[in-house]
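Secondary and tertiary structure notes
What follows is the residue order along each chain.
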Amino acid sequence: MENSKMKAIIYSEYGGPDVLHLQEVEKTSPKSNEVLVRVHAVSVNYGDIIARNFKNLPASEFNMLALFRILAQFGFGFSKPKRQILGNTFAGEVEMVGSGVKKFKAGDQVFGYTGETMGAYAEYLCIPEDGIIALKPSHMTYEEASAVPYGATMAICLLKKVNIQKEQRVVVIGASGAIGSAAVQLASHYFGAEVTGVCSTQGMESVKSLGAAKVIDYKKDDFTKNGESYDLIIDVLGKGSFSKYKASLGQKGIYLPVSFKTSKLLQMLRTSMGGGKRVICALATPKQEDLEFIREFLEDRKLKPVIDQSFPLERAAEAHRYVEAGNKKGNVVLTL
Ligand SMILES: NC(=O)c1ccc[n+]([C@@H]2O[C@H](COP(=O)([O-])OP(=O)(O)OC[C@H]3O[C@@H](n4cnc5c(N)ncnc54)[C@H](OP(=O)(O)O)[C@@H]3O)[C@@H](O)[C@H]2O)c1
């Protein structure tokens with residue numbers, strides 16, 4: 001008889017990494033428009049860490065608009081998590097498809113992003129065929145492929161909003177992280193920009209290898225004091241400010257905080273009128289075509305995954321502890 005159970009990492013209350021535990025749960029089954037994926041690898045992202053302890057998260061640590069925090073509370077659940085399986089960036093094999101599915105078939109090797117639906121810290125997940133799912137590049141392992149969809153789709157969505165031109169000068173602050181490492185590669189290899197990566201000492205070599213023309217250690221140097229002028233400054237964690245970077249922006253330079261609160265949104269409104277230096281706050285809303293684009297880029301070997309460490313799924317709590325300590329470079333992956 002077919003096994004109706006699956007292994008998953010469950011959390012039934014908000015809290016530290018130890019709320020995550022391995023359990024057997026009902027195996028998920030696909031609706032007519034869905035694909036059932038046997039998960040082989042899943043990456044641990046910023047969203048997993050936030051969602052795991054959402055109830056106790058100080059407002060200061062939620063680095064997006066306060067309105068999003070309220071909306072997220074409805075999505076995640078107020079006193080207890082509504083969705084008990086975290087994980088949104090996966091790679092695996094299609095085990096079965098719903099009756100209406102045309103794009104995928106059993107046996108396809110795929111990778112993708114489930115967004116706020118989560119559900120990937122498990123042996124199986126379901127995703128609509130028109131969701132953010134694509135065939136995995138055949139030269140990549142599941143582990144490698146699982147490290148790509150979140151950072152790369154976010155990065156390409158955001159970069160498309162600022163219309164970078166060839167040879168423009170771009171700074172990526174947070175260049176060693178999931179979004180930053182993809183942004184460095186896409187800005188330099190796809191848009192042809194000259195990229196300066198900003199990260200801590202430990203990430204410098206990796207960021208250089210991704211195509212950054214220059215890498216600056218923010219613990220030792222302040223790029224705003226080097227007298228250089230840039231067309232675009234991408235600030236992944238939004239820790240900086242327009243006033244701090246304004247003098248380092250060229251005449252029509254753009255400051256793009258990937259994480260932003262109301263004050264930065266107001267600056268965007270203010271700066272949108274003058275025709276000079278601007279702040280652009282944008283939300284990345286990736287679609288299947290974005291992952292398709294990323295897949296082609298991977299096939300051409302112009303984008304590579306950055307994996308810091310892998311842990312077996314059973315050690316999800318340890319992986320969360322590692323990520324939460326703030327040492328992660330690129331992506332941390334759980335394997336099944
Ligand atoms: N706008 C949108 O639609 C959107 C979508 C998704 C996510 N986000 C936002 O993106 C953020 C998460 O990005 P991520 O997943 O790429 O995170 P991540 O993987 O944790 O990367 C963040 C990087 O920032 C670096 N960093 C930490 N402190 C820094 C500092 N003072 N100066 C410069 N760099 C610093 C860290 O590198 P070092 O170790 O080298 O310091 C780290 O690698 C969240 O704030 C989330 O809200 C926004």
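What counts, and where the lines are drawn
- Residues numbered from 1 in each chain as written.
- Predicted model: local features only at pLDDT ≥ 70, side-chain atom pairs only at ≥ 80, totals over all residues.
- Heavy atoms only, no water.
- Pairing = 2+ DSSP bridges.
- Helix = DSSP H or I, 4+ residues; strand = E, 2+ residues; numbered from the N terminus.
- Core = buried A, V, L, I, M, F, W, Y, C linked by side-chain atoms within 4.5 Å.
- Buried < 20%, exposed > 50% of the residue type's maximum accessible area, 1.4 Å probe, protein only.
- Domains from an automatic or database assignment.
- Contact = heavy atoms within 4.5 Å.
- Buried area = accessible area lost by both parts, 1.4 Å probe.
- Polar contact = N/O pair within 3.5 Å; in protein donor to acceptor, adjacent residues only side chain to side chain.
- Nonpolar A, V, L, I, M, F, W, Y, C, P; charged D, E, K, R; others polar.
- Salt bridge = Lys/Arg side-chain N within 4 Å of Asp/Glu carboxyl O.

1. Some thoughts on the sheet that holds strand β12 (residues 249–257)
With respect to topology, six strands assemble into an open sheet ordered β10-β9-β8-β11-β12-β13, the strand pairing being parallel. Two strands bound the open sheet, and with one partner strand each, they are β10 (214–217) and β13 (278–279). Pairing of strand β11 (residues 230–235) with β12, which is carried by five bridges, proceeds in the parallel orientation. From the neighbouring strand, Ile234 faces β12, where its bridge partner is Leu256.

2. Looking at the nonpolar core
The biggest cluster of nonpolar side chains holds 62 residues, and the ones touching the most others in it are Tyr121, Phe223, Ile233 and Leu334. Considering each element in turn, this core owes the most residues, six residues, to strand β3 (residues 34–44). Shared between two domains, this core takes at least three residues from each, and those domains are domain 1 (5–149 + 286–335) and domain 2 (162–279). For Leu334, the contacting residues outside a window of four places in its chain are His40, Ala41, Val42, Val44, Tyr121, Phe311, Pro312, Leu313, Ala316 and Ala319. If you look at the next biggest cluster of nonpolar residues, it comprises 54 residues, including Ile164, Val170, Val207 and Val215.

3. Looking at the domain arrangement of the chain
One can read the domain layout of the chain as domain 1 (5–149 + 286–335) and domain 2 (162–279). Computed from C-alpha coordinates alone, the two centres of domain 1 and domain 2 are separated by 27 Å. Across the boundary between the two partners, domain 1 contributes 17 residues, which contact 21 residues of domain 2. Buried surface at the junction of domain 1 and domain 2, summed over both partners, amounts to about 1,500 Å²; 63% is from carbon and sulfur atoms. Summed over the three residues of domain 1 that lose the most area to domain 2, namely Asn63, Leu65 and Lys329, the buried surface amounts to 31% of that side. Scanning the region where domain 1 abuts domain 2 turns up seven residue pairs in polar contact (both at pLDDT 80 or more). Counting residues per element, the side of domain 1 that touches domain 2 draws most heavily on helix α9 (residues 288–299), at three residues. Split into classes, the residues belonging to the side of domain 1 that touches domain 2 amount to nine nonpolar, four polar and four charged.

4. Focus on the pattern of salt bridges
Going through the model one piece at a time under the given rule, you end up with 16 salt bridges. In this structure, Lys7 engages Glu314 in a salt bridge whose closest nitrogen and oxygen atoms are separated by 3.1 Å. Here Lys7, found in strand β1 (residues 5–10), pairs with Glu314, found in the loop between β14 (307–312) and α10 (316–324); they are 307 residues apart in sequence, far enough to count as distant. Classification of Lys7 by relative accessible area gives partly exposed; the value is 29%. Among the residues examined, Glu314 registers a relative accessible area of 42% and is labelled partly exposed. Where Lys31 meets Glu34, a salt bridge forms, and the shortest distance between an N and an O atom there is 4.0 Å. Owing to a relative accessible area of 11%, Glu34 belongs among the buried residues under this scheme. Each of the salt bridges in this network shares a partner with another, and the network as a whole consists of Arg169, Glu194 and Glu228.

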